[in-house]
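Here is how the chains run, residue by residue.
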Amino acid sequence: MIIQLSLLRFPLLLLILCSPVRGQHKNEIVATLDGQTQQIRIRQHFTYVNRSDKGLTNLYFNDWNHAYSNKSTALAKRFAEEFNRGLHLAKDRERGQTTIKTLVDDNYGGLDWKRVENRDLISVSLNEILKPGESIQLFFTYTVKLPSSKFTSYGFTPNGGYNLKDWYLTPAVFDGEDWRLYDNMNLDDLYTDVAQTTINLTYPEKLFMATNYRQSSVARFPGGQHTQLFGDNRKSCEIILTVEETFTKHVTAPLTVITDIESNKYDKISQGISIEKTAHFLQENLGEYPHENLLVSDFDYNKSPLYGIGQLPSFIRPYEEQFQFEMKFLKTAIRNYLEETLYLDPRQERWVNDAIGYYLMIKYVEEHYPDQKLIGKLSRIWGVKNFHLAQMDFNEQYALFSMLSARKNIDQALTTRNDSLIKFNEKIANGYKAGLGMSYLSAYLDKTKVDSSILDFYRNHRLKQDVTAQDFRKTLEKYADKDIDWFFDEYVSTDKKIDFKIKKLQKTDDSITLTIKNKRGTDVPISLFGLQNDTVVSQYWFSGIDTTKTVTIPRNGEDRLVLNYDQKIPEFNQRDNWKTLNGFFSSNKKLKFQFFKDTEDPYYNQVFYVPIANFNIYDGVTPGMRLYNKTFLERPFQYDISPTYSFLERTLVGKASFKYRKYHQKTGLFYTDYSISGSTSHFQKSSRFSTLTPAVSFGWRPNDLLSNRRQYLTFRYRNVFRNIDDNLVGEIDTDPDYNVMNVRFVDVDNNILNYISWFVDAQHSSDFTKLAFEMEYRKLFHSNRQFNLRFYAGKFLRNKTESDFFSFALDRPTDYMYDLSYLGRSESSGIYSQQIIISEGGFKSKLENPFANDWIATTNASTNIWRWVEAYGDLGLIKSKGENTRFVYDAGVRLNLVTDYFELYFPVYSNLGWEIAQDNYGQRIRFVVTISPKTLTGLFTRKWF
């Protein structure tokens, strides 16, 4: 009997040993969430299995909650790079941290551990080598202080809820050679080993739970609740605790969905039908979901939304409710579906999930909403429907947004690590490019081959711990009947641009011979379409085009040949992609005048116009029309012509510029600008100035594209022409017309914690030669005190002028180069004279004799007293020819509401004495104001690029 029982047990034992759980870590957690202190007390029993073929003396664990603990973590530095100082200025009660109390092994022997520098990682030193195949049990006791959700949305929320993710210690991944040690940088890309996890969680009463783990029933007791969570072959556990029950469970045939995504105008029954529809789509295109439930939360969607028009408030969103709901649900479901089952390195190989996910989104729209326009119902409105944007299909947004990055020369290879991506690329462009690349590959091979590859890859690699992007490549190559090395070696692994054009075309009665030019040399295939009355009558693919390739195709009634007509290929420039077969003159693009900016239409020369209005006190409000050619995508050549009418002077004023930008490398010498610009306006009543300026400038950026440091070198020749009112001729003591050769080198590191910039400026004209140097430094200390320091020095090398028009100034330069945006540049009294633009001396008080025609050296400093209230002080020495050197100073209070954009200065004491006690103090207050929309929008866009 004993032998029979043993024989019966042997197959069961063999099955257990051969199951996927073999060698899996085991994680048992007992956690108590204290709603009063926002802390989680944790006892964690972790069984670590050495699955490598090397002995281990140290183990590493991710402790991403500790990223919120201080101002020097990788997360805090990342925020600073994105001009977000929220974590730097956070109060202690808002910060998160992990406090480890004890760590012992299974023999109750204490283990040495340490935090890896100031990182979100813990290193555990083992008492003896952990050999391959062996395991060790670790017992942690620690407290997790949760952060405020205002930083990354994770932590405790203002209404008493909790968003928990990456909240307990998880094992870092050892790949057999190195440990993959990554910090929390708000990228949602924790890379941790898979474990069999059980969590016994006690949490406050009156909260409702949603989780991606399997959950037991909830036991309630006075003051709290208790539940068990189970994760089989899972990574980290996500928990959302809300004060209201917002999540519903949808049991569909393919899988069970827990979601709180909804639409007020889309009824519950219809929402359920849409969820069933998308669930079947996921199963058909990916395969069976191996876990008990899929969490699809509004919280997760907001962390990674479908950028663009879909982010508009729901009451003005132009899509039908069903489409709007399904795209929001699908976007989040696909992302979580893949992250919960494909265990690639999300920091280094996220592009694989992006490629599959966005490809499926493109496919879903093609199958279910083929006529959906990018701007939805707005495309049918009179006045809007003529825009090219209104004619674009919904799926064309992927090429549009990915090309936005490429046109700015900031695009990055899909294989670039997440933490090295510019924010715009990390959030939008790279994901869109990855999905578009799969769509490109699908068109080149065959849709069924790519679809089969995705199914095969998912079926054979889901839940596997050692899956890599190389496995994805091998799967695609297995189904491809053509060479697709170009996809991985050119499209995925580089940032090379794709750009083709039809160079020559010859036709006979039965054939067409054309030459296709590869303008960028990127070795990828290109599609060619033959159109007849806008209907596709033929299609071809050509590859192996190094520089040019001449091909002959049969004639099938085509009246036009177009490269990349379906725009499946993210091509850099599509304006030269077509040739007509109806003669030379018909091939010329028509001129199209269009109100407001639009997307790029390759079949027209677009000229945009928009009404504008400017202001200064001499011209008053000057309405006019702006004519320009800049689309949403940047162009090499741009012109901008803005004629306006001055009602006060009853004449035309305005400005115009023509610029050609040549991009070079991603780093080092970044671009060269060639430009010529002109402007005309009035500087006093009946007195006009005009400028004409040819210029060339160079820009540099460092190897680290995330760095905000830039360097510029500009050469310009400013020509100034002035027509002066006869009544003012006696007041003008310089020649009315003059020109200045100006060379300036600027180095700026625009960092919110440590801002530093400096420039050297040289000017030469027939009457003077001068040099100037300026340095500005801003420091935000750990104490949250900000210190600003500026130094300026200037010297005339020669000066034949008799007036102070070209002299250095302490507080309000004459601006003879007409660079500064004065509202009333010639005013010496009144509110407009109180406008200050920090330049040259940078003083705020109006001192007597503020000019220097020999040399000047000043220092401006300020520091905050309370929040945006600062104390400032200025010191300086100025020297004019034939006079003694003068020491000047002033001090006062600065209201730094928005640095460089809106500030107020209240002088207190200076060379004039106690100004605050003197008459007419209101006229001594100075202000900085910026009304340029372009300058103001830069405050919001700077973190993205």
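Residues numbered from 1 in each chain as written. Predicted model: local features only at pLDDT ≥ 70, side-chain atom pairs only at ≥ 80, totals over all residues. Heavy atoms only, no water.

Right, let's talk about the overall build of the protein for a bit. Of regular secondary structure, the protein possesses 13 helices and 48 strands. In terms of C-alpha radius of gyration, the protein reaches 33 Å, essentially the compact-globule figure of 30 Å for 945 residues. Here the C-alpha coordinates of the protein stretch approximately 125 × 85 × 55 Å along the principal axes. Considering the protein as a whole, with its 945 residues, one finds that 53% of them fall into the buried category. Within the protein, contacts between residues separated by at least 24 positions form 63% of all contacts whose residues are at least 6 apart in sequence. Split by element, the accessible area of the protein, about 43000 Å² in all, is 53% carbon and sulfur. Looking at the protein, you have 118 positive and 114 negative side-chain charges, and the mean spots of the two groups are 2 Å apart. (Helix = DSSP H or I, 4+ residues; strand = E, 2+ residues; numbered from the N terminus. Rg over C-alpha atoms; globule rule 2.2 N^0.38 Å. Buried < 20%, exposed > 50% of the residue type's maximum accessible area, 1.4 Å probe, protein only. Contact = heavy atoms within 4.5 Å. Areas by Shrake-Rupley, 256 points an atom, 1.4 Å probe, with all protein chains shown as cover. Lys, Arg positive; Asp, Glu negative; His and termini not counted. Charge placed at Lys NZ, Arg CZ, Asp CG, Glu CD.)

What follows is about the pattern of salt bridges. Scanning the entire structure with this criterion turns up 60 salt bridges. Across the pair Asp 193 and Arg 51 runs a salt bridge whose closest N-O atoms are separated by 3.1 Å. Within this pair, whereas Asp 193 is found in the loop between β12 (179-180) and β13 (195-204), its partner Arg 51 is found in the loop between β2 (39-49) and β3 (56-62), the two being separated by 142 residues in sequence. Taking relative accessible area as the criterion, Asp 193 reaches 9% and is therefore assigned buried. For the salt bridge of Asp 576 with Lys 519, the shortest nitrogen-to-oxygen distance reads 2.6 Å. Of this pair, Asp 576 sits in the loop between β27 (560-563) and β28 (578-580) while Lys 519 sits in the loop between β23 (511-518) and β24 (526-532), and the two are 57 residues apart along the sequence. Overall, the relative accessible area of 19% leaves Asp 576 in the buried class. Linked through salt bridges whose partners overlap, the residues forming this network are Asp 189, Arg 347, Arg 417 and Asp 419. (Salt bridge = Lys/Arg side-chain N within 4 Å of Asp/Glu carboxyl O.)

By the element assignment, Lys 328 lies in helix α5 (residues 321-339). Under the relative-accessibility criterion, Lys 328 is labelled buried at 18%. A distance of 2.7 Å separates a polar atom in the side chain of Lys 328 from a polar atom in the side chain of Asp 298. Beyond its immediate stretch of four places on either side in the chain, Lys 328 contacts Ile 261, Asp 298 and Tyr 301. (Polar contact = N/O pair within 3.5 Å; in protein donor to acceptor, adjacent residues only side chain to side chain.)

This part takes up the side chain of Asn 616. Looking at the element boundaries, Asn 616 is found in strand β30 (residues 604-616). Discounting residues that sit within four places of it in the chain, Asn 616 has contacts with Ser 681, His 682, Tyr 822 and Leu 823.

Taken together, the four bridges between strand β5 (residues 112-115) and strand β6 (residues 121-130) define a ladder with antiparallel strand orientation. Bridging from a neighbouring strand, Trp 113 pairs with Val 124 of β6. In this structure, the hairpin formed by β5 and β6 is closed by a connection of five residues, where Glu 117 is found at a positive phi of approximately 50°. (Pairing = 2+ DSSP bridges.)

Side chains of Phe 637, Phe 658, Tyr 660, Tyr 674, Ile 676, Leu 692 and Phe 721 sit close together on the surface and give an oily, nonpolar patch of about 640 Å² of accessible area. Here Ile 676 shows up in strand β34 (residues 668-684). A residue is classified by how much of its surface remains accessible, and Ile 676, at 38% relative accessible area, is partly exposed. (Patch = residues over 30% accessible without salt bridge, like charges linked within 9 Å, V, L, I, M, F, W, Y side chains within 5 Å.)

Positive phi, normally seen in glycine, also occurs at Gln 567, with a value near 55°. Following the sequence through the fold, Gln 567 ends up in the loop between β27 and β28. Of note, the phi angle at Tyr 818 is positive, near 55°, even though the residue is not glycine.

All right, on to the packing of aromatic side chains then. In the structure shown here, the tally under the stated rule is 67 aromatic pairs. Residues Phe 487 and Tyr 491 carry aromatic rings whose centres are separated by 5.7 Å and whose planes lie at 10° to one another, so their mutual orientation is stacked. Residue Phe 487 and its partner Tyr 491 are located together in helix α12 (residues 485-492), separated by four residues, close to a single helical turn. A relative accessible area of 4% means that Tyr 491 is categorised as buried. (Phe/Tyr/Trp six-rings, centres within 6.5 Å; stacked < 30°, edge-to-face > 60°.)

Moving on, we get to the sheet that holds strand β19 (residues 248-251). Taken together, the three strands give an open sheet; going across it, the order is β19-β20-β21, and neighbouring strands pair in mixed fashion. Edge positions in the open sheet fall to β19 and β21 (293-296), since each of these has one partner strand only. On average, each strand axis in the sheet is inclined to that of its neighbour by 25°, with strand direction left out of account. Its contacts with the sheet place α5 against β20 (256-259) and β21, and it is angled at close to 130° to β21. (Axes fitted to C-alpha atoms, helices over the stretch in contact; angles between N-to-C directions.)

A separate point is the sheet that holds strand β8 (residues 155-156). On the basis of which strands lie adjacent, the open sheet formed by four strands has the order β8-β9-β18-β14 and antiparallel pairing. Either end of the sheet is taken by a strand with one partner, and the two such strands are β8 and β14 (208-211). Relative to strand β9 (residues 162-164), β8 runs antiparallel, the two sharing two bridges. Its bridge partner lying in β9, Gly 155 is registered against Asn 163.

With that settled, consider helix α9 (residues 423-444). Compared with the 32 Å implied by 1.5 Å per residue over 22 residues, the 31 Å span of α9 between its first and last C-alpha is a close match. Along α9, the sharpest change in direction is near 45° and occurs at Ala 429. (Expected span 1.5 Å × (residues − 1). Bend = angle between axes of the 7 residues up to and from the residue.)

Bringing the confidence of the model for the protein into the picture now. Residues of the protein with pLDDT of at least 70 account for 94%, and the chain-wide mean is 91. Low confidence marks residues 1-22, where pLDDT is under 50. Its contacts with residues over four positions away, or in another chain, come to three contacts. (pLDDT = per-residue confidence, 0-100.)

This brings us to the packing of helix α6 (residues 350-368) against α9. Two elements in contact, α6 and α9, have axes separated by 7 Å at closest approach and are oriented at 65°. Between α6 and α9, the interaxial angle falls into the category roughly perpendicular. Crossing hand, α6 versus α9: right-handed. Contacts between α6 and α9 involve Arg 350, Trp 351, Asp 354, Ala 355, Tyr 358, Tyr 359 and Ile 362 from the first element and Glu 426, Gly 431, Tyr 432, Ala 434, Gly 435, Leu 436, Met 438, Ser 439 and Ser 442 from the second. Tallied by class, the residues present in the contact of α6 with α9 amount to nine nonpolar, four polar and three charged. (Parallel < 35°, antiparallel > 145°, perpendicular 65-115°, else oblique. Left-handed = near helix turned anticlockwise from the far one by under 90°. Nonpolar A, V, L, I, M, F, W, Y, C, P; charged D, E, K, R; others polar.)

Our focus in this paragraph is the packing of helix α11 (residues 469-479) against α12. The geometry of α11 relative to α12 is characterised by a closest axis approach of 10 Å and an angle of 140° between their N-to-C directions. By the angle between their axes, α11 is oblique relative to α12. On the side of α11, the interface is formed by Arg 473, Leu 476 and Glu 477, while α12 contributes Asp 485, Phe 487, Phe 488 and Asp 489. Split by residue class, the contact of α11 with α12 holds three nonpolar, no polar and four charged.

The next subject is the environment of Tyr 68. As for its placement among the helices and strands, Tyr 68 is situated in the loop between β3 and α2 (74-81). Overall, Tyr 68 belongs to the buried group, its relative accessible area being 4%. On a C-alpha basis, the gap between Tyr 68 and Lys 501 in space is 51 Å, while along the polypeptide they are 433 residues apart. The contacts of Tyr 68, once residues within four sequence positions are left out, are Leu 75, Leu 87, Arg 95, Gly 96, Pro 147, Phe 151, Thr 152, Tyr 154 and Asn 184. Here the side chain of Tyr 68 touches Thr 152 through a polar contact of 2.6 Å, side chain to side chain.

Here Gln 225 shows up in strand β17 (residues 224-234). In sequence terms Gln 225 and Asp 819 are 594 residues apart; their C-alpha atoms lie 66 Å from each other. Apart from residues lying up to four places away in sequence, Gln 225 is in contact with Leu 201, Thr 202, Tyr 203, Pro 204, Glu 205, Lys 206, Leu 207, Val 218, Ala 219 and Arg 220. One polar contact links the side chain of Gln 225 to the main-chain carbonyl oxygen of Pro 204, over a distance of 3.0 Å.

On to the pairing of β2. On a regular strand, one side chain projects to one face of the sheet and the next to the other, so that they alternate. The element β2 is largely enclosed, with a buried count of eight among its eleven residues. Relative to β2, strand β1 (residues 25-34) runs antiparallel, the two being bridged by nine bridges. Looking at the pairing, Ile 29 lines up with Gln 44 of β2. Linking two consecutive strands that pair antiparallel, namely β1 and β2, is a turn of four residues; a positive phi of about 60° is found at Gln 38 within it.

Arg 51 sits in the partly exposed class, given a relative accessible area of 35%. Residues Arg 51 and Gly 133 lie 82 residues apart in sequence; the distance between their C-alpha atoms is 5.6 Å. The residues contacting Arg 51, other than those within four sequence positions of it, are Gly 23, Gln 24, His 25, Asp 193, Val 194 and Gln 465. Polar contacts involving the side chain of Arg 51 include one to the side chain of Asp 193, which spans 3.1 Å.

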